[in-house]
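Spelled out, the chains give:
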Amino acid sequence: MITYLEAIRSALAKVLADDPRVFLYGQDIGSFGGAFKATKNLAVEFPGRVLDSPLSEDAIVGVAIGAAIEGMRPVVEMQFADFSVCGFNQIVNHAATLFYRTEVPCPIVVRLPSGGTPGSGPFHSQSMEALYAHCPGLIVMTPGTVEDAFSMLIEAVAIDDPVLFCEHKFLYNHLKADRLPDFGMPALKSRLARQGRDATIVTYGAMLHESFAAADELVEDGYEIEIVDLRTVKPLDTDVVLASVARTGRMLCVSEAWPWGGVAAEVVARVTAEGFGLLDAPPQRLNAKDTPVPYHPDLWTAHRPTASAIASAMRRLLEM
Amino acid sequence: MSSANERSGSQRPKYLKAYRTMLMARVLEEKLASLYRAGLIKGGVFLGRGQEALSVSVGINLRKGDIFAPLIRDQAGRMAFGDSVLDTLRTYLGSQLGSMRGRDGNIHRGRPREGYYAMISHLGAMIPVVAGGLMARRFRGETGVVGATCLGDGGTSTGAFHEGINVAAVEKLPLVLVIANNQYAYSTPNQRQFACKDLLDKAAGYGVAGHRVDATDLADCLKVMGTAIDLARRGGGPQLVIGDLLRLVGHGEHDDAAYVDPRLKSAPLGRDCLRTSEEFLMSNGWVSAEQIARWRAEAKNEVDVTAAKVQREPPPDPAEEDWKAVSTLAEAEA
């Protein structure tokens, strides 16, 4: 069995081995192997190419941009996605604008250990995908499976544009697969993750698994729920979403991020605008509550969408 | 001013080359101001009047293959590094044929593939980017490369300055960071900008070499910048150069700079480096006043002819834009 975290480490090892342009840069990622051990042993396996950075998110991203201009393929780690706002300027104003302004692409990958885990509190739990998806010039990946964590990270490094790779911390050690895929599905496409009949859940990241559990629960009520895994939220591939809504007529979008102007809001807007005639009920969304992410596990569990909250939301949608 | 030794003929070719680049930058910027006042330039115009000596000394001491990330008052340094009158005018006038194709303008231009990075407006942001470029060169085993970037006194207050110079110091990169200490950040005087006695003291704090230069004196600029860039090139790590001068224009051409203390204008700090270099040229007998006038006329002619040409060039066509911010093909309709 291989975990989601091991898949990320394997992908990093593979890109380091396959592409001499790749180097890793971030806080504590060298001999220590990273706060989550995503780079464990890589500094030994790839001497001089896995570098500890100072505690400087802005400079970490700036260094990556400069190296990318000169033809490298830097992969940088933000210790937690929450801290990436300290590098926000370089990401959204420099990396994201470089190709548009100068025709020189900016092939950097910024790894964002994202999302909540019990007890992590307001500053080690955030989901930043909507912030980055808002800004033109960035690709935002949100893998929700072990296979995707591996193959999408490899593709992220190959892509010529800046990629925000939102890897979910809750899945790091919980999620396991038998083996890594030989061939990954294209990273910028969404995927039908579960076939159904009565309604569609559109989701990504850790919420994919809460949604699976909700769909299992709803089987006991006689409902067959279809699930679409967005995989990458920017660009947003709505083909599979609209095809699913065409079959089911009902859609609930589930996201662990905050509701205001987020990925779920964008999915609802697109489905409404492009698939209005396919709908039998108003499209719905379920997000985390619109507060900072709370520390106590009991509060945290109530803050984010869970399987039972998703099942409840879905029952309401099915009764509309 | 410079010692008698530096006044010797050995410095003459470099000094003359630097002066003529400064003169061209000054004449070109006078044209930009004129075009701006005529309403022919959309957006702002930001001039380097008074900073030409400091700026040109950076560009002229760099080589092909080095990295240069100039800031807004570096027309002279840009031209010494290879930027042209033509591309400057194209970018300011929004020609489709300019390096930024109308997508960005004025001082936000560059050719990153040639080591000439295109600044973003956020001050200090280019420091870590140049550091990253130098790290890439090091990964590839290139030696003898230098990366230089320029900033003002106000820029030293940013977090990006701190993070950038610190990273460069930790990695012992051949980065030369030039601070044009021109006394004002837009309208904010230095006493509201920083509390340290001397910006040069920051060098020790970051563990990098520090240099001070009289930026109203071209000979001093050439000498100090030559030393700093040479030290970086020979493995001496980052070099912080503080150039003292007074900004002789507003922040941009929209700004009358009425806030500048008149005592500074009449102090040695307020001297015009172009004027002092002309006095130097003439007092050494290197060049006559008539020759300087001829050079100025030639520069003006080149600028006027180029400006007229660029004004006939097509603006960017919105219908031809692909409106794509990423290069990834699959992103076409996203």
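The structure under discussion appears in the preceding block.
## So, the overall build of chain A
A count of helices and strands for chain A gives twelve helices and 14 strands. What you see for chain A is a C-alpha radius of gyration of 19 Å, in line with the 20 Å of a compact globule of 320 residues. Along the three orthogonal principal directions, the C-alpha set of chain A runs to about 60 × 40 × 40 Å. The 320 residues of chain A split such that 57% are buried. At a minimum sequence separation of 6, the contacts of chain A that also span at least 24 residues come to 79%.

## Focus: the sheet that holds strand β5 (residues 109-114) of chain A
Residues and elements named next belong to chain A. Strand order in the open sheet formed by seven strands is β3-β2-β4-β5-β7-β6-β12, with mixed pairing between adjacent strands. Two strands lie at the open edges of the sheet, namely β3 (50-52) and β12 (232-234), each paired on one side alone. Going from strand to strand, the sheet's axes swing by 20° on average, the running direction of each strand aside. Here three bridges tie strand β6 (residues 139-141) to strand β7 (residues 163-168), and the two strands are oriented parallel to one another. Looking at the pairing, Val-140 lines up with Leu-164 of β7.

## Quick notes on the environment of Met-251 of chain A
All names here are of chain A. Among the structural elements, Met-251 can be located in strand β13 (residues 251-254). For Met-251, a count of 29 C-beta atoms within 10 Å gives the class buried. Considered as a pair, Met-251 and Ala-199 are 52 residues apart in the sequence and their alpha carbons are 5.9 Å apart. Filtering out sequence-adjacent residues up to four positions away, Met-251 remains in contact with Thr-200, Val-202, Val-245, Val-271 and Pro-283.

Rules used throughout
Residues numbered from 1 in each chain as written. Chains lettered and ligands numbered in written order. Predicted model: local features only at pLDDT ≥ 70, side-chain atom pairs only at ≥ 80, totals over all residues. Helix = DSSP H or I, 4+ residues; strand = E, 2+ residues; numbered from the N terminus. Rg over C-alpha atoms; globule rule 2.2 N^0.38 Å. Buried ≥ 20, exposed ≤ 12 C-beta atoms within 10 Å, placed from the backbone. Contact = placed C-beta atoms within 7 Å. Pairing = 2+ DSSP bridges. Axes fitted to C-alpha atoms, helices over the stretch in contact; angles between N-to-C directions.

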